Amino acid sequence: MPNDLTLEEVRTMAAEIGMTRLDDAHLQQLMRATKAARARRAALPVATLEPADEPAHVFRLDADPDR
Amino acid sequence: MTDVVYLGIAEAAELLRSKKLSPVEYAKALIDRIERHDGGLNAFIRFTPDLALEDARRAEAEIMRGAWRGPLHGVPYGLKDIVDYVGLPTTAHSKILKDNVAATDALVTQKLREAGGVFMGKLSTHEFAIGGPSFDLPWPPARNPWNRDHFCGGSSSGSGAAVAAGFLPAAIGTDTGGSVRNPASMCGVVGIKPTYGLVSRRGVFPLSFSLDHVGPLTRTVRDNALMLDLIAGPDPLDPGSAAHAGGACTAQLGRGVEGLRIGVIRHFYTRDMEADAEMTAGIDAAVKTLADLGARVREIETAPLSEYLAVNRTILTSEAFAIHENWMRERPQDYGALARERLMAGAFVRAADYVNATRLRRKITDAFHALFTDIDVAITSSSMDPACRIDDPKAVEYTYARQSRAPFNVTGSPALSVPAGFSKAGLPLAMQVVGKPFSEAMVYRVADAYEQATQWFERHPRLDAGR
C-alpha cells in the first residue's frame, strides 16, 4: 500500500467510512496518523508467522457440566 | 512520626486502627494541602472534599466502635477520571464525556468503598487515556510535582502527581501501553500494571479491550501490594477477568533477594533504544544493588523492543478506533488535537494487520513467558528519559514513544515501576520489575528489597519552591 497519500485521497477515504465532518486540519491529522500506522505495519515481523500460528484472541469454551 | 501528608497506607493504617490518628483529621490535612497546592499541579479534575469528609466521619465512627475494616479504612485515595464513581461524571478528561454521570461504581471503586477508603476525587488523565498532555481540553494537564514546568507522564497523570505531591497515599490508574508506569516513573512513585485479568475493568472507560489493565500508584512497594490485594480478584461480568483469587501480594515482602534469579533485559535500553545516560546509570546501579543483596543477575534477550511496540500499537489503535468511530464521525471537533490524531491512527489499519498483530502477540508472549523457566523476575527500563518540559510538544512527542512498558501489556505480565534515583536536575529515574503471570508477590518482593536498600521514597518534592 503506498504511503504517499494526498489530502484529497485521505478526504475520500474518510468519507467512505462516514467521517465527513473533518475539516482540513483534521484531515491533515488523519493523513499523518495513517502514514504512521502504515509505517508501524512495516515493523510487524509477519514473515516469522507460520500459517497455523493462531491469534491471541482465539478462545476456549468450557464444557457444560450438566451434559 | 512521618509528616501526616506523607504517611503511607501501612503506617497510617496502624495509627488509625489504634485511634492515634483520626480519619477526619487525616482527611482535613490532605484537603488543606490539595487546596493550597493543586492550583499549580492540576492533579484533580474534580476534587470532592465534602464526600471525603463524609467517608472520613463514617470511618471514624466505625473505628471508634471497634469495627476496623482493614488497611484502607479511613485512608484517602483518588480515581483516574475514566473510573466510575456513582453519581459523579466520568469525563475521561474530554469535552465529549463532560456530562457522563456514572450510574454505578466501577468494581474497583466498589471494592475501595467496601474497604473503608476515603474518596478524595477524580484525577486528571490524558484525554480518553491517550491524548495528552493537552492544553485544548476543558481541564488543564497535570504537572510534575518535582518541577511544575515538566511533564508528569500519562495517561494516569493526576494519579502520579497526586501521590508524589502528598495529596493522596494511593490512587488508581489504568495502563494500556504503560499509563500507570509512565507517571509512576516520571513522578518518582511506585505503579503496577498487574497480570492481565487480575483486576476487573468493569466500569472503567476502555481504550483497548485486550490491552487495558487497572493498577494502583503509591509511594512505597508495600503500600502498592496492599492496594492491589484490595482490588484484585475475579469478576464474572468482566470478560477478560481471570479465574484467579488474587491476594497474597504482601506475602513475600521482607524476604530479600538472596539466591533469586534476575534477568536483565538490557538490550531494550542500550541497543533497541539508547536511553538517556543518567537513566541507564540509574538502572545499572539498581541492578548492582540487587546483586550486592545476593541476587544472581544475568542479562537475558527477548524480542526487539520495536516488535513489541508495533504489536502493541497496531492492536491498541485498532481497538481504540472501534470504540471512537461514531464520535469521530459525529463530533470530531470535540476531541483535543492529540487524542484525535492518536485515535485516528486506527482508522485504516487493515483487518489482516490487526489479526497478524494478535498472532504475533501469542508468539512473543509464549516466548517471553518461557524465559521464566530460568529466572524469577526480569528487570528493565521504564522510560528512556527523565521527564521533559511539558510546554515543549516536540520533546513530549519524542519521549512519549521512548519507553519499554508496552511489551508487558502485550504479554499481560505483571510489571512494576519503582524509583531508581534522581537525575542531576532533580527529576526521578525509574526501572521496571517484571514477573510471570500472577507472580505479583515475587515482583513486589524484589522491588521491596531494592526500595529498602535505597530508600528513595524518603525524598519528597518541595511544592513551596515555586518551580
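What you see as residue numbers is a count from 1 along each chain, following the sequence as written. Chains and ligands are labelled by the order in which they are written, letters from A for the one and numbers from 1 for the other. Under the rules for a predicted model, residues below a pLDDT of 70 receive no local features and side-chain atom pairs below 80 are neither given nor counted, while totals for whole chains, interfaces and linings still include all residues. Only heavy atoms go into the side-chain values, all of them from the structure, while hydrogens and water stay out.

1. Re the environment of B:Thr411
All names here are of chain B.
- Looking at the element boundaries, Thr 411 is found in helix H14 (residues 406-411).
- The sequence separation of Thr 411 and Phe 368 amounts to 43 residues, and the corresponding C-alpha distance is 7.4 Å.
- In what follows, residue pairs with any heavy atoms lying within 4.5 Å of each other are defined as contacts. In this structure, Thr 411 is in contact with Tyr 308, Thr 365, Phe 368 and His 369, ignoring residues within four places of it in sequence.
- A polar side-chain atom of Thr 411 sits 2.5 Å from a polar atom in the side chain of Ser 413. By definition, any uninterrupted DSSP run of H or I lasting at least four residues is a helix, any uninterrupted run of E lasting at least two residues is a strand, and each is numbered from the N terminus. In protein, a polar contact requires one atom able to donate a hydrogen and another able to accept it; more generally it is a pair of N or O atoms within 3.5 Å, and residues adjacent in sequence count only if both atoms are side-chain atoms.

2. So, unusual backbone geometry
Residue and element names in this part refer to chain B.
- Cis rather than trans, the peptide bond between Gly 132 and Pro 133 has omega equal to 0°.
- The topology assignment puts Pro 133 in the loop between strand E3 (118-123) and strand E4 (143-144).
- The omega torsion of the bond from Gly 154 to Ser 155 falls at 15°, within 30 degrees of zero and hence cis.
- Among the secondary structure elements, Ser 155 is positioned in the loop between strand E5 (147-151) and helix H5 (157-164).
- Positive phi values are uncommon outside glycine, yet Ala 129 reaches one of about 65°.
- Secondary-structure assignment places Ala 129 in the loop between E3 and E4.
- Categorising residues by exposure relies on relative accessible area from a 1.4 Å probe, with only protein chains included: less than 20% of the type maximum marks a residue as buried, more than 50% marks it as exposed, and the intermediate range marks it as partly exposed. Taking the relative accessible area as the measure of exposure, Ala 129 reaches 9% and is therefore buried.
- Its identity as a non-glycine residue notwithstanding, Ala 248 has a phi of 65°, on the positive side.
- Structurally, Ala 248 can be placed in the loop between helix H7 (221-231) and strand E9 (261-264).

3. Quick look at the interface of chain B and chain A
- The interface is formed by 35 residues belonging to chain B together with 31 residues belonging to chain A.
- Summed over both partners, buried area is the accessible surface (1.4 Å probe) that two parts give up on being assembled. Together, the buried faces of chain B and chain A total about 3,000 Å²; carbon and sulfur atoms form 62% of this surface.
- By definition here, a salt bridge exists when the distance from a side-chain nitrogen of Lys or Arg to a carboxyl oxygen of Asp or Glu is within 4 Å. For the pair chain B and chain A, the interface holds four salt bridges.
- In this structure, A:Arg32 engages B:Glu341 in a salt bridge whose closest nitrogen and oxygen atoms are separated by 2.8 Å.
- Our count for the chain B to chain A interface comes out at 15 residue pairs in polar contact (both at pLDDT 80 or more).
- The set of elements that each furnish at least two residues to the side of chain B that touches chain A consists of helix H10 (305-330), helix H11 (337-344) and helix H12 (351-370) of chain B.
- If you tally residues by element for the side of chain B that touches chain A, the top one is H10(B), at 12 residues.
- Side-chain classes follow a simple rule in which Ala, Val, Leu, Ile, Met, Phe, Trp, Tyr, Cys and Pro form the nonpolar group, Asp, Glu, Lys and Arg form the charged group, and the remainder, Gly included, forms the polar group. For the side of chain B that touches chain A, the residue count by class is 15 nonpolar, six polar and 14 charged.

4. Focus on the side chain of B:Ser383
Residues and elements named next belong to chain B.
- Among the structural elements, Ser 383 can be located in the loop between strand E11 (377-381) and helix H13 (393-400).
- For Ser 383, the side chain forms a polar contact with the side chain of Arg 405, separated by 2.7 Å.
- If near-sequence neighbours (up to four positions away) are discounted, Ser 383 is found in contact with Asn 182, Ser 185, Met 186, Met 279, Arg 402 and Arg 405.

5. Concerning the packing of H10(B) against H12(B)
All names here are of chain B.
- Angles run from 0 to 180 degrees between N-to-C directions of axes, and those axes are lines fitted to C-alpha atoms, restricted for helices to the stretch in contact. Following both chains from N to C, one finds H10 and H12 inclined at 135°, their axes separated by 9 Å at the closest point. By the angle class used here, H10 and H12 are oblique. Read as a crossing pair, H10 and H12 show a hand that is left-handed. The segment H10 lies against H12, with Tyr 308, Val 311, Thr 314, Ile 315, Ser 318 and Glu 319 engaging Asp 353, Tyr 354, Ala 357, Thr 358, Leu 360, Arg 361, Ile 364 and Phe 368.
- Of the residues in the contact of H10 with H12, the class split is eight nonpolar, three polar and three charged. The labels follow the angle: roughly parallel below 35 degrees, roughly antiparallel above 145, roughly perpendicular from 65 to 115, and oblique for the rest. Crossings are assigned a handedness: left-handed for a near helix turned anticlockwise from the far helix by less than a right angle, right-handed for a clockwise turn.

6. Thoughts on the sheet that holds strand E10 (residues 296-299) of chain B
Residues and elements named next belong to chain B.
- Strands sit in the order E1-E3-E2-E6-E8-E7-E12-E13-E11-E9-E10 across an open sheet of 11 strands; the sheet is mixed. If you trace the sheet from one side to the other, it starts and ends with strand E1 (44-47) and E10, each paired once. Adjacent strand axes in the sheet meet at a mean angle of 25° when their direction is disregarded.
- Paired strands, as defined in this entry, are two strands with at least two bridges between them according to DSSP. Bridge count for E9 against E11 is three bridges, and the pairing is parallel. Bridge pairing in E11 places Ile 262 opposite Val 377.
- On the sheet, helix H4 (residues 107-114) packs against strand E2 (76-80), strand E6 (170-175) and strand E8 (213-218) and is oriented at approximately 175° with respect to E2.

7. Thoughts on the state of the cysteines
Residues and elements named next belong to chain B.
- To count as a disulfide, a pair of cysteine sulfur atoms needs to be within 2.5 Å. Under the criterion given, the structure shown has zero disulfides over all chains.
- Of all cysteine sulfurs, the one in Cys 187 lies closest to Cys 152, which takes part in no disulfide; the gap is 4.8 Å.
- Its relative accessible area of 0% is what places Cys 152 among the buried residues.

8. Some details on helix H9 (residues 277-292) of chain B
Residue and element names in this part refer to chain B.
- One less than the number of residues in a helix, times 1.5 Å, gives the span that helix is expected to have. The end-to-end C-alpha separation of H9 is 22 Å, in line with the 22 Å expected for 16 residues at 1.5 Å each.
- Where H9 is concerned, the buried positions are Met 279, Thr 280, Gly 282, Ile 283, Ala 286, Val 287, Thr 289 and Leu 290.
- Put simply, Asp 276 is the residue that caps the front of H9, since its side-chain oxygen is 2.9 Å from the backbone nitrogen of Glu 278.
- Just downstream of H9 lies Gly 294, where phi reads positive at about 110°.

9. With respect to the pattern of salt bridges
- Under the definition given, this model contains 28 salt bridges over all chains.
- A salt bridge links B:Glu62 to B:Arg69, with the nearest nitrogen and oxygen atoms 2.6 Å apart.
- Of the residues examined, B:Glu62 reaches a relative accessible area of 10% and is grouped as buried.
- The partner of B:Arg389 in a salt bridge is B:Asp391, and the shortest N-O contact between them spans 3.0 Å.
- With a relative accessible area of 47%, B:Asp391 lands in the partly exposed category.
- Each of the salt bridges in this network shares a partner with another, and the network as a whole consists of A:Glu8, A:Arg11 and A:Asp24.

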